[in-house]
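If you want the building blocks of each chain, they are given just below.
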Amino acid sequence: TPVLRGRPVARRRVLQLLPELDPGGAERVVLTLARHLPHDRFDVSVAALDGRGPLAESFRAAGCAVHDLGGRGRVAAGGAMGLRRLLRTLRPDIVHSHLLRAHLAVAWAPCRAHAGAIVMTEHQADPRGWAVRLLRHASRRAAALTAVSEGVRRRLVACGVPAERVVTVPNGIEIEPFATAEPLPAGAMGLPHGVHAALFVGRLAHQKGLDVLLRAMALPGAADASCHLLVAGEGPERPALESLGERLGVASRVHWLGRRDDVAALMKAAAVVVLPSRWEGLALTLLEAMAAGRPVVATRVEGQADAIDHERTGLLVEPESPEALAAALRRVLEDRAAADAMGREAAAHVATHFTAAGMAARYAAVYDGC
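Residues numbered from 1 in each chain as written. Predicted model: local features only at pLDDT ≥ 70, side-chain atom pairs only at ≥ 80, totals over all residues. Heavy atoms only, no water.

Caption draft 1: Structural context of the environment of Ala348. As for its position among the elements, Ala348 is in helix α14 (residues 336–353). Judged by relative accessible area, which is 43%, Ala348 ranks as partly exposed. For the pair Ala348 and Gly71, spaced 277 residues apart in sequence, the C-alpha to C-alpha distance is 42 Å. (Helix = DSSP H or I, 4+ residues; strand = E, 2+ residues; numbered from the N terminus. Buried < 20%, exposed > 50% of the residue type's maximum accessible area, 1.4 Å probe, protein only.)

Caption draft 2: Local environment of helix α6 (residues 150–158). Residues of α6 that are buried: Gly151, Val152 and Leu156. Looking straight down α6, one finds that the buried residues subtend no more than 135 degrees of arc, so they occupy a single side. Just beyond α6, the residue with positive phi is Gly160, at close to 105 degrees. (Arc of directions from axis to C-beta.)

Caption draft 3: The arrangement of the nonpolar core in detail. Ranked by size, the top nonpolar core spans 96 residues in total, and within it Leu21, Phe59, Leu83, Leu199, Met267, Leu286 and Tyr367 carry the most contacts. For Leu286, the contacting residues outside a window of four places in its chain are Leu275, Val296, Gln304, Ala307 and Ile308. In terms of nonpolar packing, the next biggest core, distinct from the first, is built from 30 residues, Leu210, Leu214, Met217 and Leu333 among them. (Core = buried A, V, L, I, M, F, W, Y, C linked by side-chain atoms within 4.5 Å. Contact = heavy atoms within 4.5 Å.)

Caption draft 4: Local environment of the pattern of salt bridges. Enumeration according to the criterion identifies 18 salt bridges in this entry. Note that Arg28 and Glu288 form a salt bridge whose closest N and O atoms lie 2.7 Å from each other. Residue Arg28 is found in helix α1 (residues 25–36), and its partner Glu288 is found in helix α11 (residues 284–291); the two are separated by 260 residues along the sequence. The class of Glu288 is buried, set by a relative accessible area of 5%. One salt bridge in this structure joins Glu345 and Arg312, with 2.8 Å as the shortest N-O distance. Taken as a pair, Glu345 in helix α14 and Arg312 in the loop between α12 (304–307) and β15 (315–317) lie far apart in primary sequence, 33 residues in all. On the basis of relative accessible area, Glu345 is assigned to the partly exposed category, the value being 36%. What you see here is one network of salt bridges that share partners, running through Asp211, Arg278 and Glu320. (Salt bridge = Lys/Arg side-chain N within 4 Å of Asp/Glu carboxyl O.)

Caption draft 5: View of helix α13 (residues 322–334). Here α13 spans 18 Å end to end across 13 residues, near enough to the 18 Å set by a 1.5 Å rise per residue. Residues Pro322, Leu325, Ala326, Ala328, Leu329, Val332 and Leu333 constitute the buried set of α13. The buried side chains of α13 occupy one side of the element, clustering within an arc of 165 degrees when seen end-on. Exposed side of α13, more than 90 degrees from the buried face: Glu323 and Glu334 are the residues found there. (Expected span 1.5 Å × (residues − 1).)

Caption draft 6: Seen up close, the packing of aromatic side chains. Throughout the structure, instances matching the rule amount to 1 aromatic pair. Summarising the aromatic geometry, the rings of Phe42 and Tyr367 are spaced 5.5 Å apart at their centres and angled 70 degrees between planes, so their arrangement reads as edge-to-face. In this pair, Phe42 is assigned in strand β4 (residues 42–50) and Tyr367 in helix α15 (residues 356–368), connecting sequence segments 325 residues apart. (Phe/Tyr/Trp six-rings, centres within 6.5 Å; stacked < 30°, edge-to-face > 60°.)

Structure, rendered in structure tokens:
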């Protein structure tokens, strides 16, 4: 315990608030933060509007109490009363909310329910105007509003959030598991011998742009029979995407792996990792692929454009363009020496700028300023 003028200083109580505890990007950021915030200065607990998700045990293993606020469904008000009761019990020094439903729940909790400062983090450059307007309204009570990339910050300011209110705290990851992973053998991934593997990791939803990547795979000359696509993830659009692959004639070269716990090993085995997103905040998948030393092809959207130095640490293409994706894939697969050099530069860049320890230190500074 820290000591100030001979007296012990109590750790500040930080309540991390999420809509749910599924293994999405924001949830994994919070888990990393819980592991890496200085334990002698902060006592971290976690609450979720719907706390039944699989990450609950991971948070407990990190030393966090986990609270299920009883909210079920997509409406933030579902857990707001549970949050009010919890705040009156815990009386945290800081409430740190993540994602819109959690921001709204904090905004709707009566001011008298707790004495702590509110920190809100925006994880997406959400193109929907109504979502930004709700965030702008909810954040009026916040002592600090942070964005996970400069791209997200620019988006918030463009939508009317005062520039002086937004601080950028880039996402960070634990580097070592991705830097040191052993690649999976081709047979373990269902691949024929001798093919090149392009890897997509993410939720199968419109935002992630997998349909654009499937169309790129189908373009004449885009990728020959030696290029196969691995898809690691689940989501609401999987049936439609599988049907699209069949219609495009690429189904035999697309392997649907489902949700995986061995993403680092998959990345190490891939010739290229592809992120065709329509919008992002700062995808952890991007940082993990770079940490694994893989060449990355990604769309030039918020977050991804901040992390990648085009042609040095990866390739950036315009979103919604199968042709641009196809050309970038050809380039990576045909010039392996240049691709490997990009992967090495990417790994060094992430290890310098996007570490878990660095992210935790920046959030600790935000908390200290509240």
